[in-house]
Structure formats: C-alpha cells, structure tokens
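Residue-level structural notes
Residue-level listing of the chains:
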Protein chains: 2
Amino acid sequence: MLDTSGTLCTINIGDFYTEAGATIPDVTIAYQAWGEFRGDNLILIEHALTGDSNVTEWWPDIVGPGKALDTDTFCVLCTNALGGCMGTTGPASLAPDGHPWGSRFPAVSIRDLVAAEKQFLERVGVSEVHAVIGGSMGGARTLEWTLLYPKQLTAALVLAVSARASAWQIGIQTAQINAIEHDPHWNNGDYYNGTAPLAGLAAARRIAHLTYRGELEIDERFGTSAQPGENPLGTHRSPTQRFAVQSYLDYQGVKLTQRFDAGSYVALTEALNRHDIGRGRGGLNKALASSTVPTMVAGVDTDILYPYHQQEHLSRNLGKLLAMAKISSPVGHDAFLTESRQVDRIIRHFLLLAAHQAEDDGVFISDRV
Amino acid sequence: MLDTSGTLCTINIGDFYTEAGATIPDVTIAYQAWGEFRGDNLILIEHALTGDSNVTEWWPDIVGPGKALDTDTFCVLCTNALGGCMGTTGPASLAPDGHPWGSRFPAVSIRDLVAAEKQFLERVGVSEVHAVIGGSMGGARTLEWTLLYPKQLTAALVLAVSARASAWQIGIQTAQINAIEHDPHWNNGDYYNGTAPLAGLAAARRIAHLTYRGELEIDERFGTSAQPGENPLGTHRSPTQRFAVQSYLDYQGVKLTQRFDAGSYVALTEALNRHDIGRGRGGLNKALASSTVPTMVAGVDTDILYPYHQQEHLSRNLGKLLAMAKISSPVGHDAFLTESRQVDRIIRHFLLLAAHQAEDDGVFISDRV
C-alpha cells in the first residue's frame, strides 16, 4: 500500500479535526518513500518549515543506499505537512465548495501536523515506526510524536528545536507574518484568484533567513562589501544600490516566492507559534519527564533561533534521554541541514542506540557522542 | 555661549557637507547640557538610534550631582544627531525651499553625525573634550570621534558596539527600513504633508526590539502566555487574539510612533548600515591600531545585535586600550541602558583612568574592571 519508489504520491485521509476544534474535510497527504518496507524498518523524517517530502534533495548526503539513513536497510518516509503547499491540504487547496480555503483554512498546531500524519500512517497500514527524525519544525513534530504516540515508536532524534516556542521566537515569527499581512495583495489570505503577496513573502523570508544563519558566517561571506556594480554609499540611499548582504537576502526572498505559498508560510509559522509540548500536560518539564520514548537530542552551537541551551533543557528533562550531541558550526540554525558530516555521525550513532534499544528494551542507554 | 541649564537649545552651524558629497544648507543642532563648563571638564554623551539629548531621562541614575557623571564636576553635553527628529536638522525639517526635506534629505554616515557635532562644538567655542561616551549608535559615534578628532579628546568610552556594521546587522536593519518602505503612506519618504507611515515604523520597531532584548529575558517575562482576555489558540489565527509577547511588541511599536519620525528612523538606520571605521583608513584593524585616544570598551554578554566578540575585537586591536568591561545581564543589548549599577561602576572606573591619563600622559594604563 506504501509506494516506496521515491515518487510523490497522495492519499486521502478523510476528515481531520484540529486541536482547536475546527474540521478540515477530505484531507490529502502527500508523501515520498524510499527503500522496501518490511513492517518494522520505517524511519519517518519530519521536514522543516519550508521543507518538503523530498528528503533526498534537502539531505542529499544523508539518505540513500549505504548512507546514514540507508535505504537498503530502512524504508525512509516523509510526508508533506498539513497546511503546506507541496501536495498536502493547505490554504491554497480547494475547500469542499470548490474555492481555495484562503482565510477559511483553520489554524493548525504542531500536534495537528503530527495527528494528520498518524492518520495517514493508519491509512497506509503502518502501525510501527522504528524512528522519527526531524530538525527545526520537524524537531517540534518529532517531540510531539514521542508524546502523542509513544507506543508506535522505538526511538526519536530531535534536532535544533525547543520544548515550546520561546517568546522571542513568537516575536520574530510574528514579524514575518506581519510582513506578509502588510502586503496589499494579501487580502486577509484570500488572494488565490488574484495576485499573490510575493513581496510580503520575500520580506518574511529575509527576516527568517537572518535567524537561520549565524552572524559570523554571514559576516565572513559579505561583511560590508558592496554588491558588484552597485554603490551603497552614495549621496542618497537607494534600494538599487546595495551592500552585498542585501542582494543576498533579496535573492533568498525571491527564491522562496518561486517555490512556496504565502498562505502556507503563515499557516505553518502560526503552528510554530503554537508549539508547546507542555500544553494540557501539566507544563513543559512534566510533559518531558513523562516521555517514554528513547530520544536523542542534538543542537547547533551558534543557533540564535533555537539556542543550544534549549536543547540542553530538553536533555535535562526528557524522561528517556538516549544521547546528546552538539553540531559545531559557524552556520547557525541551518547547520542541521548543511553540516552533513556531523549530521551523518549523529544519525549513525542514534540508529545504533535505537537498534540496541529495540533489541533489549530493559537496558537504558545514556551516552554522549 | 553654552547653555548648561539642561533646557533644549538650538544652534545654527551653517552648511554641512556629507561624507558622500552632498550639501545640507543651514543645519541646526539641538542640545542639552548640565553642569558648569570650565573649559576642560566637558563630557560629551552620544545617544543611541532613537535616543535624544535628554540624557537625564534615558540614563537617570548615571547623570546628576554626585552620580557617575557628576554634574558638580563635569559639564555633561549631548546633542541630537544629524538626521534625527528631536530639534536637529533631519528629513522632517524644512529645506531652503520651505518644504520638508523628505526623500531629498541626503544619506548621512556615522562620520557625518560626528563631523556635524564637531562643527557645533566649534560654534559654541568648545575646543577640548575631556571624554566622549556612548553606546550602540552612540558607541559608533564615539569610535569615530577617536579617529576623526583625536587631538580634542582625552579619553573615550565605547559601549555595546562594533568597529563596523556586520552583514547580519545590515540585514536586520534593512528589514526594518523595508517595513517602513512597504507602508503605503511612506511615499518614498515624502509624506510630511500627508499621513505618516506609522504602521511601517511600528513594524520596524518590533523587529528592532527583538534585537535589543535578550531572548532569555523576553521569555522569562512572557513565555507562551496569552495576552489577558485574548485567545491565541483559537480555531483561526487572529491579530486581535494574541500571545502576551505579541501585545508587548505591539505596544513597543506604537510607543515609538508617538515620539519618533519614520524618515529619521530610516536616515539613522542607514547611517548604521554605513558604519565602518575602516573605510578609507586601510581597513578595520589598521584604523583601530592607529587610534591614539585612550579608549575603554564595554559590552553585554547576552547582546545579539552587537555580540560581545565584537567588543573583544575592539579591545584586541585598539591602539590605546584603557580597559575592558563586560556587563552581565539577561537583558541583551539594552543592558547598557538598563543595568544602571554596572554602568555606574564602569563609568566611574573609566573616569578615574581618564583623569590619570590627563595628569600623566606618559603612563599608559590597561586594566580590567
């Protein structure tokens, strides 16, 4: 029932009920999978905010035959998140009335994203997951997996995320939502039959990108250099006379508008604002302590979006800490995507611990890379 | 000629020529000063981006009789920055044609702000400055003072700033300028006879505020709490149903619009983008090494806007380092304004070192607080 050819497939999972009490009828989940599924060898990958199910593209050195996520051994599966725009139902999808959801699309939480994925797994006949792995928004979903469906999981690897949104994260994420809302084309989210708010989406991405990248890395690359052929030091300021870093950020912004929908960006950013594993579970530390899934935690030393102390907090409080690892990099948050060699080592180590865990559930292993 | 009553006064300094080659005719500089001027006892304070000459308001525990900046001993002087909106000529001022400068106001650099201030001091008959002190944009101006007019200075205290804008700073500052530019009322800066771009200015301030405050401090205060009476977890996202931190940032944004002009915000943010003490001086480290003014450097351990390693860089390379100090605070960048007790100690220590320097110019003192 699961297509493991790596091609993008879609499955209708029926109606979905959100944590906040709304109904999304007839939800479609898109997915890709690689490697034969043998019942107990499924590894579920959770993508980040503007990521998608094509893991072999955004983690090219990590997934494949003989790689850390070895598709000769494992069936590696990734679904597109609910609320996104890569095949799974989101604001740009058609509602039952045949018009795009737009502003009518309900707010979704990280838990909703996970619950929809679980509903999908049931539809395709998967009842057991060897491991869930994710970074950033994918890490938030991985954490929620361990608390919502612990019995289906052998182990989890959580990268570059926190137990809940920090106030700073909510603030900077809201600044991004505001940038989109202030685009005159936004129209409260109902723009799908008109012009898309591309300038707002690009502005949001420029802000976001500065939280994804370490200031040392950006500064080493650009410093105060002028964009070639432009003079940012003229007698009057001009948006066409830029510093190199301004041009770089403009490029990052435009690039996102070519592959991502503003409505989905707002929906998933809002999901991140609502990320809080303590909600309804007696608070953060009680929720973490209650976790029964062996979980490994990793973070990046220069991450300003999810500072490393947030992963240390997870490691101190998780009920069953498998191991803790630090990615050392000037890149900042995005290092969980770019530092392939370190991520490779972390995942291989994690899978060894998880295999050991599966063999001997009585022995609890805590370890450092 | 210098009014030291603490009231806001203005002086016409004549025409001003910018670093980039523009002319601003008939520039007015506004200032406030406290404490009798005796020729060799002037302390010049440089305010931050949206600060102003009223130092006794934004550094209430620092300036006054018996305080660290003792107005019984010193004459404490602060001018409003060129390009600002607190009495000194800026984009909202009337150009010679009787209309507001608006988009015609030339781009100004940090060096221009300092050069205009020097021109002002000449007009009021001040030829000797005992010390220049400033944080953030004020720190950038203080650094430029030491390189532009070393012979007029005994010593300098530079707080929470860097030798030049980092690429990250240019990026996040440009995001703020963009927020204002995208306000439909901005009109390329020519809005003074119409509606001001207040929503854009508030959006800029919300982004800026997140760089002024440490994430730990904001998180301790707000976490994921809802604003009382609002529900940020409803079935649909709504700007009127907020997390507490969103309400806090909204308040910070609106508060700035009530006291600051968007055109000045853009002009002075652009000056920060152009901050580079290495420009035309053979690069950063050569410029720093050439400094002959005994300079003390201080920074904040949790500053994400001007990370402490930037002050360490200054301390390693400045030609005449007087001392180095670290402000320890969860507050982040703004700690140079809020941690009065630590700033008090730093300034008292600095003034002792500066006095010693004035007495015995042959002895060079390097020291840690």
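Residues numbered from 1 in each chain as written. Chains lettered and ligands numbered in written order. Predicted model: local features only at pLDDT ≥ 70, side-chain atom pairs only at ≥ 80, totals over all residues. Heavy atoms only, no water.

Quick look at the relation of the copies chain A and chain B now. Between the two copies, chain A and chain B, the superposition gives an RMSD of 0.0 Å; the rotation angle is 180° and the shift along the axis is 0.0 Å. Read as a symmetry element, the transformation amounts to a two-fold axis. Taken together, the interface assignments show that 100% of the residues at the interface of chain A recur at the interface of chain B, consistent with an identical surface on both copies. (Least-squares fit on C-alpha atoms with pLDDT ≥ 70 in both. Contact = heavy atoms within 4.5 Å.)

The next point concerns the side chain of A:Gln176. Mapped onto the secondary structure, A:Gln176 falls in helix H4 (residues 167–181). In this structure, A:Gln176 is in contact with A:Ala204, A:Ile207, A:Ala208 and A:Tyr265, ignoring residues within four places of it in sequence. (Helix = DSSP H or I, 4+ residues; strand = E, 2+ residues; numbered from the N terminus.)

Attention shifts here to the interface of chain A and chain B. Facing the 56 residues of chain A at the interface are 56 residues of chain B. Carbon and sulfur atoms supply 61% of the area buried between chain A and chain B, which totals about 4400 Å² over both sides. Three residues stand out in chain A for area buried against chain B, namely A:Trp168, A:Glu215 and A:Arg237, and they jointly supply 17% of the buried area on that side. In this structure, the connection of chain A to chain B is made through four salt bridges. One salt bridge connects B:Arg164 with A:Asp219, and the closest N-O pair in it is separated by 2.9 Å. (Buried area = accessible area lost by both parts, 1.4 Å probe. Salt bridge = Lys/Arg side-chain N within 4 Å of Asp/Glu carboxyl O.)

This part covers the pairing of strand E6 (residues 75–79) of chain B. Residue and element names in this part refer to chain B. Where burial is concerned, most of E6 is hidden: five out of the five residues are buried. Residues Cys75, Leu77 and Thr79 line one face of E6 and the alternating positions Val76 and Cys78 line the opposite face, and both faces are buried. Note that strand E2 (residues 23–34) and E6 share four bridges and pair antiparallel. Residue Gln32 lies in a different strand from E6, and its bridge partner there is Cys78. Looking at chain direction, strand E3 (residues 42–46) and E6 are connected through four bridges and run parallel. When the sheet's bridge partners are listed, Ile45 is paired in E6 with Cys78. (Buried < 20%, exposed > 50% of the residue type's maximum accessible area, 1.4 Å probe, protein only. Pairing = 2+ DSSP bridges.)

All names here are of chain A. One pass over the full model with this rule turns up 36 salt bridges over all chains. Residue Arg242 is joined to Asp250 by a salt bridge in which the shortest nitrogen-to-oxygen separation is 2.9 Å. Classification of Arg242 as buried rests on a relative accessible area of 18%. The partly exposed category is assigned to Asp250, whose relative accessible area is 26%.

Let us look at the domain arrangement of chain A. Residue and element names in this part refer to chain A. By the assigned domains, chain A splits into domain 1 (9–165 + 276–361) and domain 2 (169–270). A straight line from the C-alpha centre of domain 1 to that of domain 2 covers 26 Å. Each side of the interface is counted separately: domain 1 has 30 residues, and domain 2 has 27 residues. For the pair domain 1 and domain 2, the summed buried surface comes to about 2400 Å²; carbon and sulfur atoms form 61% of the total. Applying the counting criterion to the domain 1 and domain 2 interface returns one salt bridge. Ionic pairing is found between Arg213 and Asp334, a salt bridge with its closest N-O pair at 3.3 Å. Our count for the domain 1 to domain 2 interface comes out at twelve residue pairs in polar contact (both at pLDDT 80 or more). For the side of domain 1 that touches domain 2, a count of residues per class yields 18 nonpolar, ten polar and two charged. (Domains from an automatic or database assignment. Polar contact = N/O pair within 3.5 Å; in protein donor to acceptor, adjacent residues only side chain to side chain. Nonpolar A, V, L, I, M, F, W, Y, C, P; charged D, E, K, R; others polar.)

Below, the discussion takes up unusual backbone geometry. Phi is positive for A:Ala160, which is not a glycine, with a value near 50°. Residue classification places A:Ala160 among the buried positions, given a relative accessible area of 1%. One non-glycine residue, B:Asn188, lies in the positive phi region at around 60°.

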